[in-house]
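Structure at a glance
If you want the building blocks of each chain, they are given just below.
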Amino acid sequence: LVDVTRLPGLDRIEWQPDGGVRIGALVRNAALAHDAAFATAYPAAAEALLSGASGQLRNMATMAGNLLQRTRCGYFHDLASACNKRQPGSGCPALDGYNRIHAVLGGSDHCIATHPSDMAVAMAALDATVRVHGPGGARQIPIAGFHLLPGAHPEQETALRHGELIVAVDIPALPWAARSMYLKVRDRASYAFALASAAVALDIDGGTIRNARVALGGVATKPWRSREAEHALVGRAPGAAAYQAAAAAALAGAVPRVHNAFKIELATRTLLRALARVGALT
């Protein structure tokens, strides 16, 4: 084990000259969520942070640690069960077993475990960039490519290379991201992963949606940015018709299993509620 908590400079929130923000890998979730400037500029991200885990865990959890939560399910934890993540090639009993909490988007014949992070869903919506250092030097990984789909190798979860360390996450300047929110639906009010969630931001001017960001959580094998939903919104008047089109586009590729088909309707309603609430903000 290597303790990185004393590495200098990784626990800072640094606003950039262009209006964006750099969040050090060791910034605590609670500290970031309660930073007034951050919560004002990116309310969806602050709400996502406050939706995760419990107060005690948010006081300890970090930006990098949250990004690196494993995509796992009960079969992963059960050593008596096969699991392609734990032992590649052994099989995925969730495919035909009890799969109520599992993914309807981004799955494969090798894994349908759901990515658990709330914060990472907001980061996906906000086009964050993950900054890493390693033996090959520094590089930047767009958040859309940081988490990997399971494909035939669900044991490979991120684009990190051997020996690389996350040092910061950059969020670009998005003045209209102040009109955003994160909505989470779960089995109990706290300390539970999402059954469905949505991070939404809308740029509305003159009665027209000029830009949109949509990402889903709780329903996919990675934080799920839906550009299809965004395209369905841009250029339209905010309202039920546009929101219905966006939700249909976001869930068009969903593949239900025997116990989790309800997630498609749940995710649709969650996204519709988030869009309606953001669309009504002034």
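Described in the following lines is the structure provided in the data block.

Conventions we followed
- Think of each chain on its own: its residues are numbered from 1, step by step along the sequence as written.
- Per-residue local features are limited, in this predicted model, to residues with pLDDT of at least 70; the limit for side-chain atom pairs, both in listing and counting, is 80 or more; totals at the level of whole chains, interfaces and linings are taken over all residues.
- Hydrogens and water molecules were not included; the side-chain quantities draw on all heavy atoms of the structure.
- We count a salt bridge whenever a side-chain nitrogen from Lys or Arg sits within 4 Å of a carboxyl oxygen from Asp or Glu.
- Counting from the N terminus, the helices are DSSP H or I runs at least four residues long and the strands are E runs at least two residues long.
- Buried means the residue's accessible area, taken with a 1.4 Å probe over protein chains only, is under 20% of the maximum for its type, while exposed means over 50%, and partly exposed covers the values in between.
- We call two residues contacting when some pair of their heavy atoms lies within 4.5 Å.
- Nonpolar core, defined: a set of buried Ala, Val, Leu, Ile, Met, Phe, Trp, Tyr and Cys residues in which side-chain atoms within 4.5 Å join the residues together.

Overview of the pattern of salt bridges
- Evaluation of the coordinates by the stated rule reveals 16 salt bridges.
- The salt bridge partner of arginine 213 is aspartate 127, with a shortest N-O separation of 3.5 Å. Of the two residues, arginine 213 is situated in strand E8 (residues 208-217) and aspartate 127 in the loop between helix H7 (119-125) and strand E3 (129-134); the sequence distance between them amounts to 86 residues.
- Judged by relative accessible area, which is 10%, arginine 213 ranks as buried.
- Among the residues examined, aspartate 127 registers a relative accessible area of 28% and is labelled partly exposed.
- Residue arginine 225 pairs with aspartate 127 through a salt bridge whose shortest N-O separation is 2.8 Å. In this pair, arginine 225 sits in strand E9 (residues 224-225) while aspartate 127 sits in the loop between H7 and E3, placing the two residues 98 residues apart along the sequence.
- Under the relative-accessibility criterion, arginine 225 is labelled buried at 16%.
- Through salt bridges with shared partners, a single ionic network connects Asp127, Arg213, Arg225, Arg227 and Glu230.

Examining the environment of aspartate 127
- Residues aspartate 127 and proline 142, spaced 15 residues apart in sequence, show a C-alpha to C-alpha distance of 7.2 Å.
- When near neighbours in sequence (up to four residues on either side) are disregarded, aspartate 127 contacts Ile143, Pro172, Arg213, Arg225 and Arg227.

Points about the nonpolar core
- Counting 38 residues, the largest nonpolar core has Phe38, Leu67, Met123 and Ile171 as the members making the most contacts within it.
- Considering each element in turn, this core owes the most residues, seven residues, to H7.
- With residues up to four places along the chain from it excluded, the contact list for leucine 67 reads His115, Met119, Ala120, Val130, Ile143, Phe146, His147, Ile166 and Val169.
- By size, the runner-up hydrophobic cluster in this structure holds 32 residues, among which are Leu183, Leu216, Leu233 and Ala246.

The values are spatial; any link to function lies outside them.
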